[in-house]
Amino acid sequence: MNTTKFDEGRLMQVLVAPIVSEKATMVAEQSNAVTFKVLQSATKFEIKAAVELMFKVEVAGVSVVNTKGKTKRFGKTVGRRDNVRKAYVMLKPGQELNLSGEAA
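Just so it is clear, the structure is predicted and the values come from calculations on it, not from any experiment. (Residues numbered from 1 in each chain as written. Predicted model: local features only at pLDDT ≥ 70, side-chain atom pairs only at ≥ 80, totals over all residues. Heavy atoms only, no water.)

**Student:** An account of the sheet that holds strand S2 (residues 33-38) is needed here, citing residue identities and associated values.
**Tutor:** Whenever strands of a sheet pair, they do so through backbone hydrogen bonds, lying parallel or antiparallel. The strand order across the open sheet built from 4 strands is S1-S2-S6-S3, with neighbouring strands paired in antiparallel fashion. Only two strands of the sheet have a single partner each, and these edge strands are strand S1 (15-18) and strand S3 (59-67). Between one strand axis and the next, the sheet turns through 30 degrees on average, direction left out of account. Sheet strands touched by helix H2 (residues 22-31): S2 and strand S6 (84-91). Its angle to S2, the strand with the most contacts, is close to 140 degrees. Where helix H3 (residues 44-55) meets the sheet, its contacts fall on S1, S2, S3 and S6, and the angle it forms with S3 comes to roughly 125 degrees. (Pairing = 2+ DSSP bridges. Helix = DSSP H or I, 4+ residues; strand = E, 2+ residues; numbered from the N terminus. Axes fitted to C-alpha atoms, helices over the stretch in contact; angles between N-to-C directions. Contact = heavy atoms within 4.5 Å.)

Here you go:
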């Protein structure tokens, strides 16, 4: 699948935001993985190509989780949170991705 070429404009839109939480930090420490919020239509191959393009790192694998949005009440009105697609991107040994913006 390495011979597949993706549109660079599409790859720039695949990663929506990094997820910074207790669970994401714990996963990053244990398995050298970074967590991203991605587009609902993004595939594992697109996510891998986007991370390698944007951050110049080598990716070992990608796991994807679809989380359904919760129904919430605000007084009488009933609202619903958006569905979220999360990608856990495992980096190869020796690779590091710094999302804090500090110089390493």
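From this point, things continue past the structure.
**Student:** So what about the environment of asparagine 32? Which residues, and what values?
**Tutor:** Checked against the element boundaries, asparagine 32 lands in the loop between H2 and S2. Residues asparagine 32 and glutamate 58, 26 residues apart in the sequence, show an inter-C-alpha distance of 12 Å. Within the structure, asparagine 32 has its side chain in polar contact with the backbone oxygen of glutamine 95 (distance 3.4 Å). (Polar contact = N/O pair within 3.5 Å; in protein donor to acceptor, adjacent residues only side chain to side chain.)

**Student:** So what about the pairing of strand S5 (residues 77-80)? Which residues, and what values?
**Tutor:** Sheet topology places strand S4 (residues 71-74) next to S5; 4 bridges connect them, and they run antiparallel. The residue bridging phenylalanine 74 from the neighbouring strand is threonine 77, located in S5.

**Student:** Any chance you could break down the nonpolar core for me, citing the residues and the numbers?
**Tutor:** Grouped together as the largest cluster of nonpolar side chains are 18 residues, with contacts concentrated most on Leu15, Phe36, Val38, Ile47, Val51, Val89 and Leu91. If one sorts the elements of this core by residue count, H3 sits on top with 4 residues. In this structure, valine 38 is in contact with Val14, Leu15, Val16, Ile47, Arg85 and Ala87, ignoring residues within four places of it in sequence. (Core = buried A, V, L, I, M, F, W, Y, C linked by side-chain atoms within 4.5 Å. Buried < 20%, exposed > 50% of the residue type's maximum accessible area, 1.4 Å probe, protein only.)

**Student:** Kindly report on H3, identifying the contributing residues and their values.
**Tutor:** One full turn of an α-helix is made of 3.6 residues, so residues set three or four places apart face in the same direction. A rise of 1.5 Å per residue sets the reference length of H3, with its 12 residues, at 16 Å; its end C-alpha atoms lie 16 Å apart and thus fit the reference within 8%. The complete set of buried residues in H3 reads Glu46, Ile47, Ala49, Ala50 and Val51. Of the residues trailing H3, lysine 56 is marked for its positive phi of about 55 degrees. (Expected span 1.5 Å × (residues − 1).)

**Student:** Can you explain the pattern of salt bridges? Please cite residues and give values.
**Tutor:** Taken as a whole and assessed by the stated rule, the structure comprises 2 salt bridges. Arginine 10 is the partner of glutamate 46 in a salt bridge, and the nearest nitrogen-oxygen pair spans 3.1 Å. You can see glutamate 46 sitting in helix H3 and its partner arginine 10 sitting in helix H1 (residues 8-14), a full 36 residues away along the chain. The exposure class of arginine 10 is partly exposed, given its relative accessible area of 24%. We note a salt bridge from glutamate 58 to lysine 92, for which the minimum N-O separation is 3.7 Å. Placement of glutamate 58 in the loop between H3 and S3 and of lysine 92 in the segment after S6 is noted, with a sequence separation of 34 residues between them. (Salt bridge = Lys/Arg side-chain N within 4 Å of Asp/Glu carboxyl O.)

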